[in-house]
Amino acid sequence: MIAEKLAEIRARIARAAERAGRRASDVELIAVSKVKPASDILEAYAAGQRLFGESYVQEFQRKRPELGDLSDAKFHLIGKLQSNKTRVAAGLFDAVQTVASEKIARRLNDQTETPLDVFLEVKLSDEEAKGGVAPEQLCPLVDYVQGCTNLRLRGLMTMPPWSQDPEVARPYFRRLRELAEQHGLRELSMGMTNDFETAIEEGATCVRVGTAIFGKRPKPA
Ligand SMILES: *Cc1c(COP(=O)(O)O)cnc(C)c1O
């Protein structure tokens, strides 16, 4: 089942990239396995998937031992990181995509034992629940993170307001690309189950797809 879904998503990524005149190999698929059992991750791994996204530090900390070695798999934190979990997160994840403050960047830089990849999360909508740095505050944060010797700044990440209609997200994706260009950053983590093809048309280099691969998640209580 998961293998079939992955094949389907990879084909859709390839078609969207082709439409946009881009190479499919320039778009990485992050399989978002938050709240899904370790067995689902292993099934996706067996189907060739190597890059995974998780949202909750403690939930992944519990699941990680069940995955065994899996030394060539990579795990990105795509959910909010609280400052009291930076040390655990730095040890557990290959990248943190949700850095949005100097405080979190400083703690990760001080606490990581190996160089850590990071993305800065940018808040482009004014929804209360969304995290991220405001576009006006991005410049000093980019400078700060570029000065952190243990952090490698890869690019920007965003989450537009959810909508059934992927066209609603398009201006947000475009805005993120403009911001990345202004700051000389190459990678754009944007696009989810509902809008990843639009994100690819707008330049996404990582799309984060959960539901279309692993099925619906239970609603948080
Ligand atoms: C859950 C989540 C996703 C995946 O969402 P789907 O709609 O299930 O594909 C992507 N990005 C972030 C930040 C998420 O929290």
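Residues numbered from 1 in each chain as written. Predicted model: local features only at pLDDT ≥ 70, side-chain atom pairs only at ≥ 80, totals over all residues. Heavy atoms only, no water.

Draft legend 1. Representation of the overall build of the chain. Assigned secondary structure in the chain consists of nine helices and eight strands. Computed over its C-alpha atoms, the radius of gyration of the chain comes to 17 Å, within 12% of the 17 Å expected for a compact globule of 221 residues. Taking the principal axes of its C-alpha atoms as reference, the chain extends roughly 45 × 40 × 35 Å. Burial statistics for the chain: of 221 residues in total, 51% are counted as buried. Long-range contacts, defined as pairs at least 24 residues apart, comprise 57% of the intrachain contacts of the chain with a sequence gap of at least 6. Looking at the chain as shown, the accessible area adds up to about 10,900 Å², and 48% of this sits on carbon and sulfur atoms. (Helix = DSSP H or I, 4+ residues; strand = E, 2+ residues; numbered from the N terminus. Rg over C-alpha atoms; globule rule 2.2 N^0.38 Å. Buried < 20%, exposed > 50% of the residue type's maximum accessible area, 1.4 Å probe, protein only. Contact = heavy atoms within 4.5 Å. Areas by Shrake-Rupley, 256 points an atom, 1.4 Å probe, with all protein chains shown as cover.)

Draft legend 2. Quick look at helix 7 (residues 170-182). Compared with an ideal rise of 1.5 Å per residue, which puts 13 residues at 18 Å, helix 7 spans 19 Å between its outermost C-alpha atoms and is within 8% of the ideal. Restricting attention to buried positions, one finds in helix 7 the residues Arg170, Phe173, Leu176, Leu179 and Ala180. Taken together, the buried residues of helix 7 touch helix 6 (138-146), strand 6 (151-157), strand 7 (187-189) and helix 8 (196-201). In the stretch just after helix 7, Gly184 is the one whose phi turns positive, near 65°. (Expected span 1.5 Å × (residues − 1).)

Draft legend 3. Just the site of the ligand, in detail. For the ligand, the set of nearby residues contains 13 residues, the closest of which are Lys34, Thr193, Gly210, Thr211 and Arg217. Between the ligand and Arg208 there is a distance of 2.8 Å, counted from a nitrogen atom to a side-chain nitrogen or oxygen. Within the side chain of Arg217, an N or O atom sits 2.8 Å from an oxygen atom of the ligand. Out of a free accessible area of 390 Å², the ligand has 92% covered by protein chains. Tallied by class, the residues present in the shell around the ligand amount to six nonpolar, four polar and three charged. (Near = heavy atom within 4 Å. Polar contact = N/O pair within 3.5 Å; in protein donor to acceptor, adjacent residues only side chain to side chain. Nonpolar A, V, L, I, M, F, W, Y, C, P; charged D, E, K, R; others polar.)

Draft legend 4. Focus on the state of the cysteines. Scanning all chains against the criterion turns up zero disulfides. For Cys139, which is in no disulfide, the shortest distance to another cysteine sulfur is to Cys148 and amounts to 15 Å. By relative accessible area, Cys139 is classed as partly exposed at 41%. (Disulfide = S-S within 2.5 Å.)

Draft legend 5. The pattern of salt bridges, seen in detail. The full count for this structure, using the stated rule, is 17 salt bridges. A salt bridge links Arg50 to Asp72, with the nearest nitrogen and oxygen atoms 3.1 Å apart. Taken together, the residues Arg50 in the loop between helix 2 (38-46) and strand 2 (51-54) and Asp72 in the loop between helix 3 (57-63) and strand 3 (74-77) connect sequence positions 22 residues apart. Residue Asp72 is classed as partly exposed on the basis of its relative accessible area, which comes to 41%. Measuring nitrogen to oxygen at the nearest pair gives 4.0 Å for the salt bridge that ties Glu187 to Arg186. Judged by relative accessible area, which is 9%, Glu187 ranks as buried. Under the relative-accessibility criterion, Arg186 is labelled exposed at 66%. One continuous salt-bridge network, built from bridges that share partners, spans Arg19, Glu167, Arg170, Arg174, Arg177, Glu201 and Glu202. (Salt bridge = Lys/Arg side-chain N within 4 Å of Asp/Glu carboxyl O.)

Draft legend 6. Local environment of the pairing of strand 1 (residues 28-32). Where burial is concerned, most of strand 1 is hidden: four out of the five residues are buried. Where strand 1 meets strand 8 (residues 206-209), four bridges bridge the pair, whose relative direction is parallel. Note that in strand 8 the partner of Glu28 across the bridge is Cys206. Across two bridges, the pairing between strand 1 and strand 2 is parallel. The partner of Val32 across the bridge, within strand 2, is Gly53. The β-α-β motif built from strand 1, the intervening helix 2 and the parallel element strand 2 has right-handed crossover chirality. (Pairing = 2+ DSSP bridges. Right-handed = clockwise from strand over helix to strand, strands pointing away.)

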